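What follows is each chain in one-letter form.
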Amino acid sequence: MALYSGLFSRRLAARSLALGVLAAVSTLAHAAWPERPIRLLVPYGPGGSSDVVARAVAAEMSRDLGQQIVVENKGGGQGVIATTEVARANPDGYTLLLGHVGTLAVNPTMMPKLNYDPRRDFAPIVLLAKLPMVFAVGGKVDARTLPAFVALAKAKPGALNYGSAGNGSAGHLAFEMLKSAAGIDVVHVPYKGTGAQVNDLLAGNIDAAAAGTPGLLPHAQAGSIRIVAVGSAKRLPVLPDVPTVAEQGYPGFESSQWFGLLAPAGTPQSVVDRLHASANKALRSQSVQTRLAHDASEPSGAGPAEFAAFIDAEEKRWGKVVQDARLSIE
């Protein structure tokens, strides 16, 4: 019995030593992270709000981490293509996702056969920023205010249309909220990203659009389109003369999109913590603050637990909008 006990003790000690060595090696490996460039997938095309936020933050984080964060735009499929790729990526911190209200809060309700789960498949890192939606009309539309646009839409049900960055995008849901509040029939035209949507608005191929300020503000300032309302609870500093939707007859109306960083589920906590710290440092930088202020974005910096709770709350809120509008994509 003593001999058996001694052998067991030696084996247990050897196993503990081996596990300790593996843990030490793992810790050293994570401590050395990152050792190569990091991919940041944006689930929409270039030129939109997601792209602007991703590139501004990535540039500062690259300097802080000592490795380049390479932004890759992978639009299409309502953001599913890029989001799914990150969900299935190796959880080593070298593939990240620019999470968005559309992909994380809208798609789960809108797409019953969605092949990723926001709760199960991702490790939330940081909520980067919130961006109010704005509503614009093209130069050919005879409406300079939201009530004027609503009057046109009611006079010609189904004759007017609006564009969005895609089915389930923030612009899509924001305009559906407006349609419901105003009781109007305006046809949705989905695009693969804000850039394509804005191009058609400028060309007069669509009548109206909803998006964040980065895609629409420069063209409004140039006089090519007109922003008739903002979806925030209060007016924006960059558009002081444009009233909110609530001010124009629809009290309680509020719509904004948001962006955050996520990694595949199972990413080491040390890597998640490092990314969170780096992202917050980027949000405090002058370059990112200037960029966000220019677009009326509100920086956040909320960490993994708070960001996860925020995603859950947003999924419930936007899920109701999807259900009320009877939106679904097979």
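Everything numeric in this text was worked out from a predicted model, so none of it was measured.

Calculation notes
- Residues numbered from 1 in each chain as written.
- Predicted model: local features only at pLDDT ≥ 70, side-chain atom pairs only at ≥ 80, totals over all residues.
- Heavy atoms only, no water.
- Axes fitted to C-alpha atoms, helices over the stretch in contact; angles between N-to-C directions.
- Helix = DSSP H or I, 4+ residues; strand = E, 2+ residues; numbered from the N terminus.
- Parallel < 35°, antiparallel > 145°, perpendicular 65-115°, else oblique.
- Left-handed = near helix turned anticlockwise from the far one by under 90°.
- Contact = heavy atoms within 4.5 Å.
- Nonpolar A, V, L, I, M, F, W, Y, C, P; charged D, E, K, R; others polar.
- Expected span 1.5 Å × (residues − 1).
- Buried < 20%, exposed > 50% of the residue type's maximum accessible area, 1.4 Å probe, protein only.
- Pairing = 2+ DSSP bridges.
- Domains from an automatic or database assignment.
- Buried area = accessible area lost by both parts, 1.4 Å probe.
- Salt bridge = Lys/Arg side-chain N within 4 Å of Asp/Glu carboxyl O.
- Polar contact = N/O pair within 3.5 Å; in protein donor to acceptor, adjacent residues only side chain to side chain.
- Right-handed = clockwise from strand over helix to strand, strands pointing away.

Peer 1: Give a detailed account of the packing of helix α2 (residues 49-65) against helix α9 (residues 269-284), specifying residues and quantitative values.
Peer 2: Axes are the key here: two packed helices are described by the angle between their axes and the distance separating the axes. In the contact formed by α2 and α9, the axes pass within 9 Å of each other and the chain directions differ by 120 degrees. Our classification of the angle between α2 and α9 gives oblique. Like other packed secondary-structure pairs, α2 and α9 cross with a definite hand, here right-handed. When α2 is examined against α9, the residues V57, E60, M61, D64 and L65 are found in contact with a partner set consisting of R274, L275, S278, A279, K281, A282 and L283. The class makeup of the residues in the contact of α2 with α9 is 7 nonpolar, 1 polar and 4 charged.

Peer 1: So what's going on with helix α11 (residues 304-325)? Residues and values would help.
Peer 2: In this model α11 runs 31 Å from its N-terminal to its C-terminal C-alpha over 22 residues, within 8% of the 32 Å that 1.5 Å per residue would give. Those residues of α11 not exposed but buried are F307, F310, I311, E314, E315, W318, G319, V321 and V322. In the core, the buried residues of α11 are packed alongside α4 (101-110), β4 (122-138), α6 (170-182), β9 (256-264) and β10 (298-302). R326 occupies a position one or two residues after α11 and carries a positive phi of about 55 degrees.

Peer 1: Let's hear about the pairing of strand β2 (residues 69-73): which residues, and what values?
Peer 2: Across 5 bridges, strand β1 (residues 38-42) lies against β2 in parallel orientation. Counterpart to I38 in the pairing with β2 is I69.

Peer 1: Please give an account of the domain arrangement of the protein chain that cites residues and values.
Peer 2: Structurally, the protein chain comprises domain 1 (38-131 + 257-325) and domain 2 (132-248). The C-alpha-based centres of domain 1 and domain 2 are spaced at 25 Å. Together, the buried faces of domain 1 and domain 2 total about 1,700 Å²; carbon and sulfur atoms form 70% of this surface. On the surface where domain 1 and domain 2 come into contact, there are 0 salt bridges. Linking domain 1 with domain 2 are 1 residue pair in polar contact (both at pLDDT 80 or more), by the criterion used here.

Peer 1: Describe the packing of α4 against α11, and please don't skip the residues or the numbers.
Peer 2: α11 packs onto α4 with a crossing angle of 50 degrees between their chain directions and a minimal axis gap of 8 Å. Between α4 and α11, the angle falls in the class oblique. Between α4 and α11 the crossing geometry is right-handed. Taking contact as the criterion, the partners of V101, L104, A105, V106, P108, T109 and M110 in α4 are, on α11, I311, E314, E315, W318, G319, V322 and Q323. Residues belonging to the contact of α4 with α11 are distributed by class as follows: 9 nonpolar, 3 polar and 2 charged.

Peer 1: Give me the environment of E254: which residues, what numbers.
Peer 2: Of note, E254 is situated in the loop between β8 (225-230) and β9. Assessed through its relative accessible area of 41%, E254 is described here as partly exposed.

Peer 1: Break down the pattern of salt bridges for me, citing the residues and quoting the values.
Peer 2: Counted according to the given criterion, the structure contains 16 salt bridges. Ionic pairing is found between K281 and D64, a salt bridge with its closest N-O pair at 3.1 Å. Here D64 lies in helix α2 and K281 lies in helix α9, a separation of 217 residues in the sequence. Overall, D64 belongs to the partly exposed group, its relative accessible area being 22%. D121 is the salt-bridge partner of R120, the closest N and O atoms lying 2.8 Å from each other. Note on R120: relative accessible area 55%, which makes it exposed. A relative accessible area of 13% places D121 in the buried class.

Peer 1: Run through the pairing of β1, naming residues and quoting values.
Peer 2: Most of β1 is tucked away: 4 of the 5 residues are buried. Following the backbone out of β1, through α2 and into the adjacent parallel β2, one traces a crossover that is right-handed. Inspection of the sheet shows β1 paired to strand β3 (residues 95-100) by 3 bridges, in the parallel sense. Each residue of the ladder has a partner; that of L41, found in β3, is L97.

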